[in-house]
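What follows is each chain in one-letter form.
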Amino acid sequence: MAKEIDQKIKGKIESSERILIASHVRPDADAAGSLLGLGLGFIDAGKKVQMVLKDGVGKFRYLPKSDLITPLPKGPVDMVIVVDCSDPNRVGDILDGYDKPDLVVDHHKTNLEFGTFNVVEPEQVATAAILFDHMPSWGLSFTPEIATCLLSGIVGDTIGFRTSNVKSDVMRKAAALMDLGADLGNIYREELILKSFKEVHYWGCGLVRVERADGLVWTSLTLADREKVGYAGNDDADLVNVLSSVKEAEIALIFIEQPQNEVKVSWRARPGLDVSGIAFEFGGGGHAAAAGADISGNLEDVKQRVIIETKKLLEQQNQ
Ligand code: AMP
Ligand code: MN
Ligand code: MN
């Protein structure tokens, strides 16, 4: 029998005709895949659905029906859902005119439980994996398209099953999603292998100024870099995954300059370390092995402050 919370969520879904789903700014595969996987489930159940990402669909155009994702919500709705987001600010300002979310589905350790119902499972590798477990008990079924979206979320957040939180149950879920029609090879290629020339050129800007000290490796990406190579995103194009492969370092960081005197910081840590707390202290959040924050200040100042604090953290955690 489904848990009590699942029954209540199912009841809320049944009584809602218009459903709005949102996820975080600078979407990753888990944000886009969870949003779309759940949204397509609702559409199949006869609901009117809005799927909203403030920064648009970005590189996740390869997901089925991704053209349904919009940057702004419109009009009244009966139910608001936020997926893969630990705090309401990470959604951006798009939900400003709406009530508190009815449902939050997330796997971040730092989740503020800001919904009426909160399905927050930090032990799960991706929000998409949580949805795989719960959607049937909410009265929703899987199609090959939904399976593709959910498997993309899992592949994205585990960097292709490489993170240390991947246990055999994750592989079983992935296998079940493949049986439901998801094409793992294609997802892997689209999500993790293919890069545009501009992205690779942009990586180059960051790689020429890579630095290393005291167990950390870091670099930065500037607004000028993006202009120079013509990269339209405001993220790191996953360069942090390259930095976290540096053998000598225990924590990798990347500083991405943003407009209006802000810097996006990403931390990646070796198994056994936990960078979620430091990200949370800087106003962000995340997981033990991967966390981020948006910090006010100019690039050099933010870099200096964050590196000092991260070195301290590494010393403490290595004691
Ligand atoms: P990123 O470094 O952006 O790839 O994110 C790593 C992890 O930290 C992801 O699970 C993000 O959802 C989370 N994260 C990144 N930035 C923030 C932020 N500003 N606030 C809360 N969580 C964040
Ligand atoms: Mn995410
Ligand atoms: Mn996620």
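That block above? That's the structure.
Parameters at a glance
Position labels on residues start from 1 in each chain and follow its written sequence. Throughout, the order in which chains and ligands are written sets their labels, letters from A for the former and numbers from 1 for the latter. Local features are withheld for residues below a pLDDT of 70 in this predicted model, meaning they are given only at 70 or higher, and side-chain atom pairs are given and counted only at 80 or more; totals for whole chains, interfaces and linings count all residues. Side-chain numbers here rest on the full set of heavy atoms in the structure, without hydrogens or water. Lining residues are those with an atom within 4 Å of a point, where the points come from a 1 Å grid over the protein atoms alone and group into cavities, where a 1.4 Å probe fits but cannot get out, or pockets, open sets with protein on both sides within 12 Å along at least five of seven lines. Grid points are joined across faces, edges and corners, and a volume is the space filled by probe spheres set on the points. Secondary structure elements follow DSSP: runs of H or I no shorter than four residues count as helices, runs of E no shorter than two count as strands, and numbering proceeds from the N terminus. Only Asp, Glu, Lys and Arg are considered charged in this grouping, and only Ala, Val, Leu, Ile, Met, Phe, Trp, Tyr, Cys and Pro are considered nonpolar; every other residue, Gly among them, is considered polar. Only protein chains enter the accessibility calculation, which uses a 1.4 Å probe; a residue whose area is less than 20% of its type maximum is buried, one above 50% is exposed, and one in between is partly exposed. When DSSP finds two or more bridges between two strands, those strands count as paired. Whether a crossover is right-handed comes down to one check: with the strands pointing away from the viewer, does the path from the first strand over the helix to the second run clockwise; if it does, it is right-handed. Note on ring pairs: Phe, Tyr and Trp rings are taken, using the six-membered ring of Trp, and paired if centres are within 6.5 Å. Classes follow the plane angle, with under 30 degrees stacked, over 60 edge-to-face and the rest tilted.

A. Seen up close, the layout of surface pockets. The calculated volume of the second largest pocket comes to roughly 160 Å³. Taken together, Ile-159, Arg-162, Glu-191, Leu-192, Lys-195, Trp-203, Asp-238, Asn-241, Val-242 and Ser-245 make up the lining of the second largest pocket. Elements with a minimum of two residues in the lining of the second largest pocket: helix 6 (184–193) and helix 9 (239–243). Grouping the constituent residues of the lining of the second largest pocket by class yields four nonpolar, two polar and four charged.

B. The arrangement of the pairing of strand 1 (residues 18–22) in detail. Counting buried positions along strand 1 gives four out of five residues, so the element sits mostly inside the fold. Alignment of strand 1 against strand 2 (residues 48–52), held across five bridges, turns out to be parallel. Note that in strand 2 the partner of Arg-18 across the bridge is Lys-48. Once you follow strand 1 into helix 2 (residues 29–44) and on to strand 2, the crossover reads as right-handed. Relative to strand 4 (residues 79–83), strand 1 runs parallel, the two sharing four bridges. Note on strand 4: the bridge partner recorded for Ile-19 is Met-79.

C. Expanded view of the packing of aromatic side chains. Scanning all chains against the criterion turns up four aromatic pairs. For the pair Phe-132 and Phe-142, a centre-to-centre distance of 5.3 Å together with 20 degrees between the ring planes defines the contact as stacked. Linking Phe-132 in helix 3 (residues 127–134) with Phe-142 in the loop between helix 3 and helix 4 (144–157), this pair joins segments that are 10 residues apart in sequence. What makes Phe-132 buried here is its relative accessible area of 17%.

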